[in-house]
Amino acid sequence: MSLERLEIGKIVAIHALKGEMRVQPWCDTPDFMSRFKRMFLDGTEYRVESARPSKNIVLLKLAGIDTPELAQKQVNKILTVDRADIQLEKGVYFVADLIGLTVIDADDESVVYGELTEVSQTGANDVYHVRFADGRTRYVPAIPQVVLETDLERRVMRIRPLDGLFED
């Protein structure tokens, strides 16, 4: 089951006097967040008048939010975008879609490692947090040598752990 709208960032402060807001992006890069023509705030659709990266944040201006006072009322709110407005490359997934996948062994599907509960972005590659049945969390590097298949329809990720990956 996929969400129709995806969280893309959090408004953290106002910027200047015309209703611009500073947004902490929850996507791979601030540049990615700057590409959208519309966003949703509290379920209401807004046209994006401008969005530009500034270091690790996005300076965002939404139509209809034209004063510092209106912008201030949006601080700490979450922005969402419509899933249909995003085109992902093959093999690229939304974190929201990965959470909850059952992680199994690529060579023996009867071996269930656990549930993918979190994704950390380390810079070099993402790291998947997998909660085992005993409650322990193990970390799986999101690299092609380890993650062989991600099947969102079946809600399964097939992995082949590197030697020693799950040893204590």
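Bear in mind the structure is a predicted one, so any value in this text is a computation, not a measurement.

Chemist: What exactly am I supposed to notice about the packing of aromatic side chains here?
Modeler: Here a ring pair, both rings aromatic, is described through the centre-centre distance and the interplanar angle of the planes. A full pass over the atoms with the stated rule returns four aromatic pairs. Aromatic pair Phe32 and Phe36: ring centres 5.5 Å apart, planes at 80°, arrangement edge-to-face. A relative accessible area of 21% means that Phe32 is categorised as partly exposed. Note on Phe132 and Phe166: the rings are 5.1 Å apart at their centroids and 80° apart in plane angle, and the pair reads as edge-to-face. One end of the pair, Phe132, is in the loop between strand S9 (126-131) and strand S10 (137-141); the other, Phe166, is in the segment after strand S12 (156-159), with 34 residues separating them in the sequence. Comparing Phe132 with Phe166 shows no difference in burial state: the two are buried. An aromatic cluster is defined as three or more aromatic residues linked by ring pairs; in this entry it consists of Tyr113, Phe132 and Phe166. Across the ring face of Phe132, the terminal group of Arg138 is positioned such that the distance to the ring centre comes to 5.6 Å.

Chemist: When you look at the sheet that holds strand S7 (residues 102-105) in this model, what are you seeing that I'm missing?
Modeler: Paired through backbone hydrogen bonds, the strands of a sheet run either parallel or antiparallel to each other. Overall, mixed pairing links the six strands, which are arranged S10-S9-S8-S7-S12-S11 in an open sheet. Single-partner strands in this sheet number two, and they are S10 and strand S11 (147-151). Across the sheet, the mean angle separating the axes of adjacent strands is 35° when strand polarity is ignored. Pairing of S7 with S12 involves four bridges; the strand directions are parallel.

Chemist: What exactly am I supposed to notice about unusual backbone geometry here?
Modeler: Excluding glycine, residues mostly have negative phi values, and the peptide bonds linking residues are mostly trans. Even without a glycine there, the phi angle at Ala16 is positive, about 65°. Relative to the assigned elements, Ala16 resides in the loop between strand S1 (5-15) and strand S2 (20-25).

Chemist: Would you take a moment to explain the side chain of Arg138 for this structure?
Modeler: Residue position: Arg138 is located in strand S10. With a relative accessible area of 9%, Arg138 lands in the buried category. Side-chain polar atoms of Arg138 contact the backbone oxygen of Phe166, separated by 2.8 Å.

Chemist: Help me understand the environment of Val119 in this model?
Modeler: Mapped onto the secondary structure, Val119 falls in strand S8 (residues 112-121). Separated by 23 residues in sequence, Val119 and Ala96 place their C-alpha atoms 9.4 Å apart. Setting aside its immediate chain neighbours within four residues, Val119 contacts Val95, Leu98, Ile99, Asp126, Val127, Tyr128 and His129.

Definitions and limits used
Position numbers for residues start from 1 in each chain and track the written sequence from start to end. Local features are withheld for residues below a pLDDT of 70 in this predicted model, meaning they are given only at 70 or higher, and side-chain atom pairs are given and counted only at 80 or more; totals for whole chains, interfaces and linings count all residues. Side-chain measures were taken over the full set of non-hydrogen atoms in the model, leaving aside hydrogen atoms and water. Stacked, edge-to-face and tilted are the three classes for Phe, Tyr and Trp ring pairs, Trp counted by its six-membered ring, which pair at centre distances within 6.5 Å; planes under 30 degrees apart are stacked, over 60 edge-to-face, the rest tilted. When accessible area is computed with a 1.4 Å probe and restricted to protein chains, residues below 20% of their type maximum are described as buried, those above 50% as exposed, and intermediate ones as partly exposed. Strands are runs of DSSP state E lasting at least two residues, helices are runs of H or I lasting at least four, and both sets are numbered from the N terminus onward. Either the NZ atom of lysine or the CZ atom of arginine qualifies as a charge over a ring when it sits within 6 Å of the ring centre and within 35 degrees of the ring normal. One requirement defines pairing of two strands: DSSP has to find at least two bridges between them. Here, axes are lines fitted to C-alpha atoms. For helices the fit covers the stretch in contact, and angles between N-to-C directions go from 0 to 180 degrees. Pairs of N or O atoms are called polar contacts if they sit within 3.5 Å, as long as, within protein, a hydrogen donor faces a hydrogen acceptor (for residues adjacent in sequence, only side-chain-to-side-chain pairs). Residue contacts follow a heavy-atom distance rule, with two residues in contact if any of their heavy atoms lie within 4.5 Å.

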